[in-house]
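Listed below, chain by chain, are the residues.
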Amino acid sequence: MNGFDVTFRDDQDWIDFGRSYVNSDAFKALFRDGMTLVEETAAYLDGEGRDESRLVSRDATLSYAAESMRLTTLLMQIASWLLVQRAVAEGEMTPAEALQEKHRVKLGTAEPPKQQDFNLLPMRLQQLIVRARRLHSRILHLDALIAEDRPTPVPVESPVAQQQGLLRMAFRMAEG
(Lines give C-alpha, C1' and ligand atoms only; values in the text may rest on other atoms or scores of the structure.)
Protein backbone atom coordinates (compact mmCIF):
# COMPACT_ATOMS: atom_id res chain seq x y z
CA MET A 1 0.00 0.00 0.00
CA ASN A 2 1.19 3.55 -0.62
CA GLY A 3 -0.12 4.97 2.68
CA PHE A 4 -2.89 7.06 1.10
CA ASP A 5 -6.41 6.84 2.42
CA VAL A 6 -8.52 5.65 -0.46
CA THR A 7 -11.77 5.47 1.48
CA PHE A 8 -14.43 7.78 0.13
CA ARG A 9 -17.66 8.55 1.90
CA ASP A 10 -20.82 10.24 0.93
CA ASP A 11 -23.40 12.07 3.02
CA GLN A 12 -25.31 8.92 3.83
CA ASP A 13 -22.40 7.18 5.60
CA TRP A 14 -22.21 9.86 8.31
CA ILE A 15 -23.65 8.83 11.66
CA ASP A 16 -24.63 11.61 14.04
CA PHE A 17 -23.64 10.26 17.46
CA GLY A 18 -25.75 12.80 19.34
CA ARG A 19 -28.96 11.94 17.55
CA SER A 20 -28.38 8.22 17.69
CA TYR A 21 -27.36 8.30 21.36
CA VAL A 22 -30.29 10.36 22.66
CA ASN A 23 -32.66 7.92 20.98
CA SER A 24 -30.95 4.85 22.46
CA ASP A 25 -31.84 2.62 25.38
CA ALA A 26 -28.51 3.61 26.94
CA PHE A 27 -29.64 7.24 27.08
CA LYS A 28 -33.02 6.25 28.53
CA ALA A 29 -31.21 4.33 31.29
CA LEU A 30 -28.86 7.27 31.92
CA PHE A 31 -31.85 9.62 32.08
CA ARG A 32 -33.63 7.36 34.56
CA ASP A 33 -30.52 6.99 36.71
CA GLY A 34 -29.86 10.72 36.69
CA MET A 35 -33.39 11.73 37.59
CA THR A 36 -33.56 9.05 40.28
CA LEU A 37 -30.37 10.44 41.80
CA VAL A 38 -31.82 13.97 41.73
CA GLU A 39 -34.99 12.79 43.51
CA GLU A 40 -33.05 10.64 45.98
CA THR A 41 -30.74 13.53 46.87
CA ALA A 42 -33.61 16.00 47.26
CA ALA A 43 -35.44 13.58 49.56
CA TYR A 44 -32.27 13.02 51.60
CA LEU A 45 -31.44 16.72 51.97
CA ASP A 46 -35.04 17.56 52.92
CA GLY A 47 -35.39 14.70 55.38
CA GLU A 48 -32.72 12.46 56.81
CA GLY A 49 -29.98 14.87 55.74
CA ARG A 50 -31.45 17.69 57.82
CA ASP A 51 -31.42 15.46 60.86
CA GLU A 52 -27.85 14.33 60.16
CA SER A 53 -26.68 17.91 59.62
CA ARG A 54 -27.67 18.73 63.19
CA LEU A 55 -25.58 15.83 64.48
CA VAL A 56 -22.29 16.62 62.73
CA SER A 57 -19.43 18.27 64.59
CA ARG A 58 -19.06 22.02 64.64
CA ASP A 59 -16.13 21.70 62.20
CA ALA A 60 -18.26 19.69 59.80
CA THR A 61 -21.21 22.11 59.76
CA LEU A 62 -19.61 24.45 57.24
CA SER A 63 -18.42 21.51 55.10
CA TYR A 64 -21.91 20.01 55.18
CA ALA A 65 -23.49 23.28 54.02
CA ALA A 66 -20.90 23.86 51.28
CA GLU A 67 -20.96 20.30 49.95
CA SER A 68 -24.75 20.02 49.97
CA MET A 69 -24.94 23.28 47.96
CA ARG A 70 -22.30 22.01 45.50
CA LEU A 71 -24.15 18.73 45.18
CA THR A 72 -27.44 20.52 44.52
CA THR A 73 -25.82 22.73 41.86
CA LEU A 74 -24.17 19.75 40.20
CA LEU A 75 -27.43 17.81 40.10
CA MET A 76 -29.29 20.81 38.66
CA GLN A 77 -26.73 20.94 35.83
CA ILE A 78 -27.07 17.19 35.26
CA ALA A 79 -30.89 17.32 35.25
CA SER A 80 -30.87 20.29 32.89
CA TRP A 81 -28.54 18.50 30.43
CA LEU A 82 -30.62 15.32 30.58
CA LEU A 83 -33.87 17.20 29.99
CA VAL A 84 -32.43 19.07 27.01
CA GLN A 85 -31.14 15.84 25.46
CA ARG A 86 -34.49 14.14 26.01
CA ALA A 87 -36.23 17.09 24.34
CA VAL A 88 -33.95 16.55 21.32
CA ALA A 89 -34.74 12.82 21.32
CA GLU A 90 -38.48 13.51 21.40
CA GLY A 91 -38.28 16.11 18.64
CA GLU A 92 -39.33 18.98 20.93
CA MET A 93 -36.02 20.70 20.26
CA THR A 94 -33.51 20.63 17.43
CA PRO A 95 -29.83 19.87 18.08
CA ALA A 96 -29.12 23.53 17.22
CA GLU A 97 -31.59 24.70 19.87
CA ALA A 98 -29.99 22.29 22.33
CA LEU A 99 -26.65 23.91 21.60
CA GLN A 100 -28.14 27.32 22.44
CA GLU A 101 -29.46 25.90 25.72
CA LYS A 102 -26.00 24.53 26.45
CA HIS A 103 -24.67 28.09 26.51
CA ARG A 104 -27.27 29.05 29.12
CA VAL A 105 -26.74 26.12 31.45
CA LYS A 106 -23.10 25.16 31.57
CA LEU A 107 -21.84 21.79 32.69
CA GLY A 108 -19.17 23.12 34.96
CA THR A 109 -16.27 21.17 36.29
CA ALA A 110 -16.92 19.83 39.74
CA GLU A 111 -14.15 20.51 42.21
CA PRO A 112 -13.63 17.60 44.53
CA PRO A 113 -14.16 18.34 48.20
CA LYS A 114 -11.08 18.37 50.40
CA GLN A 115 -10.60 14.86 51.73
CA GLN A 116 -10.46 15.99 55.37
CA ASP A 117 -13.76 17.88 54.97
CA PHE A 118 -15.34 15.06 52.97
CA ASN A 119 -14.55 12.56 55.73
CA LEU A 120 -16.48 14.71 58.25
CA LEU A 121 -19.69 14.43 56.23
CA PRO A 122 -22.38 11.84 56.97
CA MET A 123 -21.82 8.60 55.03
CA ARG A 124 -25.06 8.93 53.05
CA LEU A 125 -24.10 12.42 51.83
CA GLN A 126 -20.65 11.12 50.87
CA GLN A 127 -22.27 8.36 48.81
CA LEU A 128 -24.58 10.80 47.02
CA ILE A 129 -21.65 13.10 46.23
CA VAL A 130 -19.60 10.23 44.79
CA ARG A 131 -22.51 9.02 42.65
CA ALA A 132 -23.26 12.53 41.39
CA ARG A 133 -19.61 13.14 40.50
CA ARG A 134 -19.43 9.86 38.56
CA LEU A 135 -22.61 10.68 36.68
CA HIS A 136 -21.30 14.19 35.98
CA SER A 137 -18.07 12.73 34.54
CA ARG A 138 -20.07 10.44 32.23
CA ILE A 139 -22.21 13.34 31.07
CA LEU A 140 -19.20 15.56 30.44
CA HIS A 141 -17.72 12.78 28.30
CA LEU A 142 -20.97 12.27 26.37
CA ASP A 143 -21.42 16.01 25.95
CA ALA A 144 -17.94 16.24 24.44
CA LEU A 145 -18.75 13.39 22.03
CA ILE A 146 -22.01 15.02 21.01
CA ALA A 147 -20.26 18.38 20.58
CA GLU A 148 -17.72 16.74 18.26
CA ASP A 149 -20.53 15.83 15.89
CA ARG A 150 -20.37 18.15 12.97
CA PRO A 151 -23.00 18.90 10.44
CA THR A 152 -23.08 16.36 7.68
CA PRO A 153 -19.76 16.75 5.91
CA VAL A 154 -19.62 18.04 2.40
CA PRO A 155 -18.21 15.28 0.23
CA VAL A 156 -14.77 16.13 -1.05
CA GLU A 157 -13.99 15.06 -4.57
CA SER A 158 -10.98 12.81 -4.62
CA PRO A 159 -7.90 13.89 -6.60
CA VAL A 160 -8.41 10.87 -8.87
CA ALA A 161 -12.02 11.87 -9.59
CA GLN A 162 -10.87 15.44 -10.35
CA GLN A 163 -8.31 14.14 -12.85
CA GLN A 164 -10.88 11.86 -14.46
CA GLY A 165 -13.23 14.83 -14.84
CA LEU A 166 -10.49 16.87 -16.50
CA LEU A 167 -9.71 13.99 -18.86
CA ARG A 168 -13.41 13.64 -19.79
CA MET A 169 -13.62 17.36 -20.54
CA ALA A 170 -10.42 17.19 -22.65
CA PHE A 171 -11.78 14.25 -24.68
CA ARG A 172 -15.14 15.99 -25.21
CA MET A 173 -13.31 19.09 -26.49
CA ALA A 174 -11.16 16.96 -28.79
CA GLU A 175 -14.24 15.19 -30.17
CA GLY A 176 -16.26 18.36 -30.56
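Keep in mind that what you see is a predicted model, and the values were worked out from it rather than measured. (Residues numbered from 1 in each chain as written. Predicted model: local features only at pLDDT ≥ 70, side-chain atom pairs only at ≥ 80, totals over all residues. Heavy atoms only, no water.)

## A few points about the side chain of E52
Its place among the elements puts E52 in helix 3 (residues 48-55). Leave out the neighbours within four places in its chain, and E52 touches Y44, P122 and R124. (Helix = DSSP H or I, 4+ residues; strand = E, 2+ residues; numbered from the N terminus. Contact = heavy atoms within 4.5 Å.)

## Things to note about the environment of M35
Residue placement: M35 occurs in helix 2 (residues 25-46). M35 sits in the buried class, given a relative accessible area of 18%. For the pair M35 and L75, spaced 40 residues apart in the sequence, the C-alpha separation amounts to 8.9 Å. In this view, M35 contacts A79, L82 and L83; residues no more than four positions away in its chain are not counted. (Buried < 20%, exposed > 50% of the residue type's maximum accessible area, 1.4 Å probe, protein only.)

## Quick look at the packing of helix 2 against helix 3
At their nearest, the axes of helix 2 and helix 3 sit 3 Å apart, and the two run at 50 degrees to each other. On the basis of their axis angle, the class for helix 2 and helix 3 is oblique. Residues A43, Y44, L45 and D46 of helix 2 pack against E48, G49, R50 and E52 of helix 3. Looking at the contact of helix 2 with helix 3 residue by residue, the class counts come to 3 nonpolar, 1 polar and 4 charged. (Axes fitted to C-alpha atoms, helices over the stretch in contact; angles between N-to-C directions. Parallel < 35°, antiparallel > 145°, perpendicular 65-115°, else oblique. Nonpolar A, V, L, I, M, F, W, Y, C, P; charged D, E, K, R; others polar.)

## Looking at the packing of helix 2 against helix 7 (residues 123-148)
At a minimum axis distance of 11 Å, the contact between helix 2 and helix 7 shows a crossing angle of 150 degrees. It follows from the interaxial angle that helix 2 and helix 7 lie roughly antiparallel. Read as a crossing pair, helix 2 and helix 7 show a hand that is left-handed. When helix 2 is examined against helix 7, the residues L30, G34, L37, E40, T41, Y44 and L45 are found in contact with a partner set consisting of R124, L125, L128, R131, A132, L135, R138, I139 and L142. Taken together, the residues that form the contact of helix 2 with helix 7 break down as 10 nonpolar, 2 polar and 4 charged. (Left-handed = near helix turned anticlockwise from the far one by under 90°.)

## Some remarks on the nonpolar core
In terms of nonpolar packing, the biggest core is built from 27 residues, with L30, W81, L82, L125 and I139 touching the most fellow members. Elements with a contribution of two residues or more to this core: helix 2, helix 4 (58-89) and helix 7. Setting aside its immediate chain neighbours within four residues, L125 contacts Y44, L45, Y64 and L71. Counting residues in each nonpolar core, the second largest holds 6 residues, with V84, V88, M93 and A98 among its members. (Core = buried A, V, L, I, M, F, W, Y, C linked by side-chain atoms within 4.5 Å.)

## Side note on the environment of Q85
With respect to the element layout, Q85 can be found in helix 4. If we skip the residues at most four places from it in the chain, Q85 touches V22, F27 and I146.

## Let's talk about the confidence of the model for the protein chain
Looking at the protein chain, the pLDDT average stands at 82 and 83% of residues meet or exceed 70. Per-element confidence in the protein chain ranges from a low mean pLDDT of 71 for helix 1 (residues 17-22) to a high of 96 for helix 2. pLDDT under 50 marks residues 4-11. Its contacts with residues more than four places away, or in other chains, come to 6 contacts. (pLDDT = per-residue confidence, 0-100.)

## Brief notes about the pattern of salt bridges
Counted under the stated rule, the structure contains 5 salt bridges. Between D51 and R54 there is a salt bridge, with the nearest N and O atoms lying 3.2 Å from each other. Of this pair, D51 and R54 both sit in helix 3, 3 residues apart, which is roughly one turn of the helix. Take D51: its relative accessible area is 44%, and that puts it in the partly exposed class. Residues E67 and R70 are paired through a salt bridge, measuring 3.5 Å at the closest nitrogen-oxygen approach. (Salt bridge = Lys/Arg side-chain N within 4 Å of Asp/Glu carboxyl O.)

## Focus on helix 2
Compared with an ideal rise of 1.5 Å per residue, which puts 22 residues at 32 Å, helix 2 spans 31 Å between its outermost C-alpha atoms and is within 8% of the ideal. Among the residues of helix 2, F27, L30, F31, G34, M35, L37, T41, Y44 and L45 are the ones counted as buried. (Expected span 1.5 Å × (residues − 1).)

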